[in-house]
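Now for the letters of each chain:
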Amino acid sequence: MHDACHIAIPARDLDEAVEYYVFGIGARMARRYDDRVTFDFFGDQLVCHLSDDVPAEAVMYPRHFGVSFARAEDFDRLLRLVEHRKLKVLAGPALRFEGTAEQHRTIALVDPSNNVLEFKNYDDPRLQF
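The following refers to the structure shown. (Residues numbered from 1 in each chain as written. Predicted model: local features only at pLDDT ≥ 70, side-chain atom pairs only at ≥ 80, totals over all residues. Heavy atoms only, no water.)

Some points on the sheet that holds strand β4 (residues 44–50)
Heads up, the condition is: Only when DSSP finds a minimum of two bridges between them are two strands counted as paired. In this text, helices come from DSSP runs of H or I with a minimum length of four residues, and strands from runs of E with a minimum of two, each type numbered from the N-terminal end. Lines fitted to the C-alpha atoms define the axes, with helices restricted to the stretch that makes contact. Angles between their N-to-C directions range from 0 to 180 degrees.
Strand order in the open sheet formed by 4 strands is β1-β4-β3-β2, and the pairing between neighbours is mixed. For this open sheet the edge positions go to β1 (6–11) and β2 (28–32), each flanked by a neighbour on one side alone. Strand-to-strand twist in this sheet, taken as the mean axis angle between neighbours without regard to direction, amounts to 25°. Judged from the 6 bridges that link them, β1 and β4 form a sheet pairing that is parallel. From the neighbouring strand, His6 faces β4, where its bridge partner is Gln45.

So, unusual backbone geometry
Inclusion rule: A simple rule labels every residue: compare its accessible area, found with a 1.4 Å probe on the protein chains alone, to the largest value its type can have, and call it buried under 20%, exposed over 50%, or partly exposed in between.
In this model, Tyr61 is joined to Pro62 through a cis peptide bond whose omega is 15°. Assignment of secondary structure puts Pro62 in the loop between β4 and β5 (65–69). Going from Gly92 to Pro93, the amide bond is cis rather than trans, its omega being 0°. Relative to the assigned elements, Pro93 resides in strand β6 (residues 89–96). Located in the positive-phi region is Lys86, a residue other than glycine, with phi close to 55°. Position of Lys86 relative to the elements: it lies in the loop between α2 (72–85) and β6. Residue class for Lys86 comes out exposed when judged on its relative accessible area of 70%. One non-glycine residue with positive phi stands out, namely Asn114, at about 65°. Mapped onto the secondary structure, Asn114 falls in the loop between β7 (104–110) and β8 (116–122). A relative accessible area of 16% places Asn114 in the buried class.

Quick notes on α2
So the rule is basically this: A helix's residues, less one, multiplied by 1.5 Å, set its expected span. What the arc measures is the spread of directions leading from the helix axis to the C-beta atoms. Here, residues are in contact when the closest pair of their heavy atoms is within 4.5 Å.
Look at α2: 20 Å from first C-alpha to last across 14 residues, which is about the 20 Å you get at 1.5 Å a residue. Residues Asp74, Phe75, Leu78, Leu79 and Val82 constitute the buried set of α2. Buried residues of α2 fall within an arc of 145° about the axis and therefore sit on the same side. Of the exposed residues in α2, the ones pointing more than 90 degrees away from its buried face are Arg80, Glu83 and His84. Contact partners of the buried residues in α2: β5, β6, β7 and β8.

Describing the nonpolar core
What counts, and what does not: In plain words, nonpolar cores are sets of buried Ala, Val, Leu, Ile, Met, Phe, Trp, Tyr and Cys residues tied together by side-chain atoms within 4.5 Å.
Membership of the largest hydrophobic core comes to 28 residues, with the highest contact counts inside it found for Tyr21, Ile25, Phe39, Phe41, Leu117 and Phe119. Residue contributions to this core peak at 6 residues, all from helix α1 (residues 14–23). The contact partners of Phe41, leaving out residues within four places of it in the chain, are Tyr21, Ile25, Ala27, Leu46, Phe65, Gly66, Val67, Leu117 and Phe119.

Listed below in structure tokens is the structure:
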């Protein structure tokens, strides 16, 4: 076992959330209740709470979440899933801060409830945090 970050977000429809997170980006469903679904989200805990208060549109700032992959092959695997499953992309894939120590690849996705997810991979893994 290891410590895990806990993230809770609104979802307008739990079936949509399961479809997206499990069959879209490959998270594992841990538990499901009438009002929420808990996922193993790349080693962290993501809970989608049934809510009528979902974002009206997908906006990157000030709130988004995701994974900073330590391994380039994990980022590449996600990119293949996004392309194959035709998941909604808000921005990217892109190379940010090119030519600097903080150079990294990134992609921003949008779930069915307009929550924004950012995935990235730094060329220098020491800059992950």
